[in-house]
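# Structural characterization, general
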Amino acid sequence: MEFNKKNKLHLTSDQMTNSVALIWPNQNMGLNQYDLLQDLYSELLVNFLQHKTRVLLFSETSLPDKVKIIQNMFDNEYIIHNEYKSDDIWLRDYCPMQTFDPINKRDVFLSYSYNAYGEKYNFKNDKHFFNYFLNCINKSDVIKFCDNEVIFEGGNIVNNAHFCLINLNCLRHHNKDGDYYKIKKDIESFFKKNIYQQLYFIDIPPITGDDTNGHIDNLVRFYDDAILIMSTDSPFHPDFYKLKELEKQIYNICDGKNINNIIQVKHECRNIMKNEKNEILPFSYLNYLKISDVIYMPLSGNETDEDKSYLKNIFKKDNLVFIHSKPLLNEYGGLHCCSYNWRYFE
């Protein structure tokens, strides 16, 4: 069959989303700052409900007490609770990817194989989560991403309405038993056959502290037709040379393409965050969460009023909500990692 633009699936872009899924922190996950994480999740939940965002909430047991208190403050219809025993809170990386079929007017989800970043962590429950998620939303239209033969994570793909980016470094490290060149070719073939967006690759090592081998949602994001890249002018920033290489690769990709608006999102040395062991944590402003016209922007806690104004100016078309993200960073993740924004359908 000859495939063309009209009968291809469209990856859902941030602007099109109106709902979010979360996994509530559980002490059995071995989290370092369980109480602080609960407080952060409570803050997020209040903000979601204030903006009338539908929340699909998963927890190991019954509805957490903090959630019950918040739920009584708002309309109950915006929180849908389900019980599921997850291995961790990073559901972005094992949730199915949402696409839309414009011909048949239906949502189609892409499933993929997951192994917790090259089997770094336990994933016996997480690897089955996508089936449970689809059952919760009563959807069964699924296509296997590369026949589920490629290890993948949702945090390693970003897109807008026309373009899509993946970091090869993650694929190489998480598919150690596979033929890397075949894997890359299989992904290219899958996109060419099934996906509307044009696919491009970067190949960048992870920012300091990132245990995912370089998930792209720390490095690059699309903001409507603009492409945002993590950047720094300081040679004392631990990722200075990586980010200069990222800049070079992005400009090479955009050269001759219909991507003219490249925005470098500056990171200062004062934005560097460390844990109690003096280890650098993987902070990036690009690990934000965007749902419709609201952006939840992570902060390191060292920002000046000028820094906040700088961020507001970049995202001036949207409502910016600042969230202090250190409890997540202490678990080596961020706002985008711990959430899954998607488009709810009636």
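What counts and how
- Residues numbered from 1 in each chain as written.
- Predicted model: local features only at pLDDT ≥ 70, side-chain atom pairs only at ≥ 80, totals over all residues.
- Heavy atoms only, no water.
- Helix = DSSP H or I, 4+ residues; strand = E, 2+ residues; numbered from the N terminus.
- Rg over C-alpha atoms; globule rule 2.2 N^0.38 Å.
- Buried < 20%, exposed > 50% of the residue type's maximum accessible area, 1.4 Å probe, protein only.
- Contact = heavy atoms within 4.5 Å.
- Areas by Shrake-Rupley, 256 points an atom, 1.4 Å probe, with all protein chains shown as cover.
- Lys, Arg positive; Asp, Glu negative; His and termini not counted.
- Charge placed at Lys NZ, Arg CZ, Asp CG, Glu CD.
- Pairing = 2+ DSSP bridges.
- Right-handed = clockwise from strand over helix to strand, strands pointing away.

### Here's the deal with the overall build of the chain
In terms of helices and strands, the chain carries 9 helices and 19 strands. For the chain, whose C-alpha radius of gyration is 19 Å, the value lies close to the compact-globule estimate of 20 Å for 346 residues. The buried share among the 346 residues of the chain stands at 58%. Here the analysis covers contacts within the chain between residues at least 6 apart in sequence; of these, 75% occur between residues at least 24 apart. Summing over all exposed atoms, the chain offers an accessible surface of approximately 15600 Å²; the carbon and sulfur share of this is 46%. Side chains of the chain carry 39 positive and 47 negative charges; the gap between the two charge centres is 4 Å.

### Some remarks on the pairing of strand β4 (residues 79-83)
In this sheet, β4 lies alongside strand β3 (residues 54-59) in parallel orientation, the contact comprising 5 bridges. Bridge pairing in β4 places Ser-59 opposite Glu-83. Between the parallel pair β3 and β4, the chain is carried across by helix α2 (residues 65-71), and the sense of this crossover is right-handed.

### Describing the sheet that holds strand β7 (residues 142-144)
The strand order across the open sheet formed by 4 strands is β1-β5-β6-β7, and the pairing between neighbours is mixed. The sheet is open, and its two edges are formed by β1 (10-11) and β7, each paired on a single side. Of the strand pairs in this sheet, β1 and strand β5 (residues 97-101) are connected by 2 bridges, and their pairing is antiparallel. Residue Leu-11 lies in a different strand from β5, and its bridge partner there is Thr-99.

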